[in-house]
Amino acid sequence: MNNNGNIVGQRLEVCLKSILGTQYNQDGLYGIISAIALGATKLHYKIRFSALEDTLGATGGINLHGEQVQKLDVEGTNIFLDVLQNSGYVSVVGCEELENLKVVGSGSNRSYTVLMDPIDGSSNIDVAVSIGSIFGIWFTDNNSQGTDNSILTPGNQQVAAVYTIYGSSTVLVFAISGRVVGFTLDPTDNTFRLTHPEILIPDKCKYYSTNEGNFPRLDPPMQRAIIDLRNNYSLRYVGSLVADFHRNLISGGIFVYPTDPEYPTGKLRLMYEANPLSFIACNAGGDSSSGEMSILDIKPKSLHQRTPLIIGNKDIVARTVEIMTS
Ligand code: P6P
């Protein structure tokens, strides 16, 4: 038993009910996070058997961002669209793989919008390196349901955020105002069980995560910030945002993907990568910034807009931003 009454090993559904209590529309968030857990369980097996079922590799298609579409990108998108629609509480889904918002249902119960990156880190799929899924959960603006305007609000308006990581184990982490908790998939009965009753980013940090191959392209102030990180922490960089973020959340550290000539507005997506992970980081005592402002305060202009991302331990984020802007 930990200090908020949750028992390690407890099933996700039981833990959700005790956390949600009467604070939220329990059914809505309970239904959506349970649906994401179901989808993550399905995707867990798809990933584990992908090489044996010929679902590795690319489809041959190119997505709206001009990137190779991996077969698992399609599988992941379809799995989560299906479970979110069937949850009965989601009206609109935004997805990295879909150009436009997708209306998955209407009705008084469907008062939530989910913005998702169903497979983050696609380039790592074929080499058996950890990948993940990322979800931001918002109330739906019923006046503009399904139009871009219905989602163009800052990330601080999210009501919850979730990510899953398919690594040496499959872990689901969610944040609901003030709480960040983690669950590990038990493949013996396909349930997610509480393993991280209260996640807080450690004060003493070990790691920094950035693509050091981009260093020569960075502006001098940004180079000075990276050199400062090199002098104080060990480099760990997987190339899957969720894997790098999860390590830094649990063990303490910072992830940095700044602007550079190849990505003048940043590489990572604001609405379904930076915002959900920033909601989680900030609820775990951490912070996140674009270098100019808090990620969660950015007023979005479009569903697929990119942003620079500095996220992790609050003090290291502040120090990095100070150096890169001085
Ligand atoms: P780079 C994966 O393609 C991704 O979107 C993130 O998951 C990851 O952090 C980043 O790109 C890696 O980018 O340029 O270092 O390969």
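Trainee: Sorry if this is basic, but what is going on with the environment of S122 here?
Mentor: By the element assignment, S122 lies in the loop between β5 (112–120) and β6 (131–139). A polar side-chain atom of S122 sits 2.7 Å from a polar atom in the side chain of D73.

Trainee: Just checking my understanding: could you explain helix α6 (residues 270–283) for this structure?
Mentor: Since the α-helix packs 3.6 residues into each turn, any two residues three or four apart lie on the same face. With respect to burial, α6 is a largely interior element, 13 of its 14 residues being buried. One or two steps after α6, the chain reaches G285, where phi turns positive at roughly 85 degrees.

Trainee: What am I meant to see in the site of the ligand here?
Mentor: All residues in the neighbourhood of the ligand are listed as D120, G121, N211, Y237, G239, S240, L241, F255, Y257, K267 and L268. In this structure, an oxygen atom belonging to the ligand sits 2.5 Å away from a side-chain N or O atom of Y237. Separating an oxygen atom of the ligand from a side-chain N or O atom of K267 is a distance of 2.9 Å. Look at the ligand: alone it shows 400 Å² of surface, and the protein chains cover 79% of it. Residues of the shell around the ligand, tallied by class, amount to 5 nonpolar, 4 polar and 2 charged.

Trainee: Help me understand the nonpolar core in this model?
Mentor: Nonpolar side chains tend to gather and get buried jointly when the protein is soluble and globular. With 45 residues, the main nonpolar core has I137 and F174 as its most contacted residues. If one sorts the elements of this core by residue count, helix α2 (residues 26–48) sits on top with 9 residues. Beyond its immediate stretch of four places on either side in the chain, F174 contacts L16, I19, I33, A161, V162, R179, V180, V181 and F183. By size, the runner-up hydrophobic cluster in this structure holds 40 residues, among which are W138, A243, L268 and L270.

Trainee: What is the right way to read the pairing of β6 from this model?
Mentor: Along any regular strand, the residues point their side chains to alternate faces of the sheet. Counting buried positions along β6 gives 8 out of 9 residues, so the element sits mostly inside the fold. Both β5 and β6 contribute to a ladder of 7 bridges, which runs antiparallel. When the sheet's bridge partners are listed, D120 is paired in β6 with G132.

Trainee: What am I meant to see in the pattern of salt bridges here?
Mentor: Any two side chains of opposite charge can pair if their charged atoms end up close together. For the coordinates displayed, the defined rule picks out 11 salt bridges. R11 is the partner of E13 in a salt bridge, and the nearest nitrogen-oxygen pair spans 3.7 Å. Assessed through its relative accessible area of 23%, E13 is described here as partly exposed. Take R11: its relative accessible area is 39%, and that puts it in the partly exposed class. Residue E75 pairs with K46 through a salt bridge whose shortest N-O separation is 3.7 Å. Here E75, found in helix α3 (residues 71–87), pairs with K46, found in helix α2; they are 29 residues apart in sequence, far enough to count as distant.

Trainee: Is there a simple way to think about the pairing of strand β8 (residues 170–176) in this case?
Mentor: Summarising burial for β8: 7 of the 7 residues are buried, a large majority. Taking every second residue as pointing to the same face, both faces of β8 are buried, with T170, L172, F174 and I176 on one and V171, V173 and A175 on the other. The pairing of strand β7 (residues 160–166) with β8 spans 7 bridges and is antiparallel. Bridging across to β8, A160 finds its partner in I176. Where β7 hands over to β8, the hairpin turn is made up of 3 residues, counted between the paired strands. As defined by bridge partners, β8 adjoins strand β9 (residues 179–186) across 6 bridges and the pair is classed as antiparallel. Considered in β9, the bridge of I176 is made with R179. Where β8 folds back onto β9 in an antiparallel hairpin, the turn is made up of 2 residues, including G178, whose phi is positive at roughly 90 degrees.

Trainee: Could you clarify how one ought to interpret the packing of helix α4 (residues 220–232) against helix α7 (residues 314–324) in this entry?
Mentor: Packed helices, taken two at a time, are described by the angle between their axes plus the distance between the axes. Two elements in contact, α4 and α7, have axes separated by 7 Å at closest approach and are oriented at 145 degrees. Pair α4 / α7 crosses with right-handed handedness. Residue-level inspection shows P221, M222, R224, A225, D228 and L229 of α4 in contact with α7, the latter providing I316, R319, T320, I323 and M324. Split into classes, the residues belonging to the contact of α4 with α7 amount to 7 nonpolar, 1 polar and 3 charged.

Trainee: What is the right way to look at α3 in this model?
Mentor: In a regular helix each residue adds 1.5 Å, so 17 residues correspond to 24 Å; α3 covers 25 Å between its end C-alpha atoms and thus fits that length. Buried within α3 we find L72, D73, G76, T77, I79, F80, L81, V83, L84 and S87. Residue G88 follows α3 closely and has a positive phi angle near 85 degrees.

Trainee: Please clarify how the packing of aromatic side chains should be interpreted in this entry.
Mentor: Here a ring pair, both rings aromatic, is described through the centre-centre distance and the interplanar angle of the planes. Scanning the model with the defined rule gives 7 aromatic pairs in all. With a centroid separation of 6.4 Å and 15 degrees between ring planes, the pair formed by Y45 and F49 is classed as stacked. With relative accessibility at 40%, the residue F49 sits in the partly exposed group. Taken together, a centroid distance of 4.8 Å and an interplanar angle of 70 degrees make the contact between F80 and F135 edge-to-face. Residue F80 is located in helix α3, and its partner F135 is located in strand β6; the two are separated by 55 residues in the primary sequence. Under the relative-accessibility criterion, F80 is labelled buried at 0%.

Definitions and limits used
Residues numbered from 1 in each chain as written. Predicted model: local features only at pLDDT ≥ 70, side-chain atom pairs only at ≥ 80, totals over all residues. Heavy atoms only, no water. Helix = DSSP H or I, 4+ residues; strand = E, 2+ residues; numbered from the N terminus. Polar contact = N/O pair within 3.5 Å; in protein donor to acceptor, adjacent residues only side chain to side chain. Buried < 20%, exposed > 50% of the residue type's maximum accessible area, 1.4 Å probe, protein only. Near = heavy atom within 4 Å. Areas by Shrake-Rupley, 256 points an atom, 1.4 Å probe, with all protein chains shown as cover. Nonpolar A, V, L, I, M, F, W, Y, C, P; charged D, E, K, R; others polar. Core = buried A, V, L, I, M, F, W, Y, C linked by side-chain atoms within 4.5 Å. Contact = heavy atoms within 4.5 Å. Pairing = 2+ DSSP bridges. Salt bridge = Lys/Arg side-chain N within 4 Å of Asp/Glu carboxyl O. Axes fitted to C-alpha atoms, helices over the stretch in contact; angles between N-to-C directions. Left-handed = near helix turned anticlockwise from the far one by under 90°. Expected span 1.5 Å × (residues − 1). Phe/Tyr/Trp six-rings, centres within 6.5 Å; stacked < 30°, edge-to-face > 60°.

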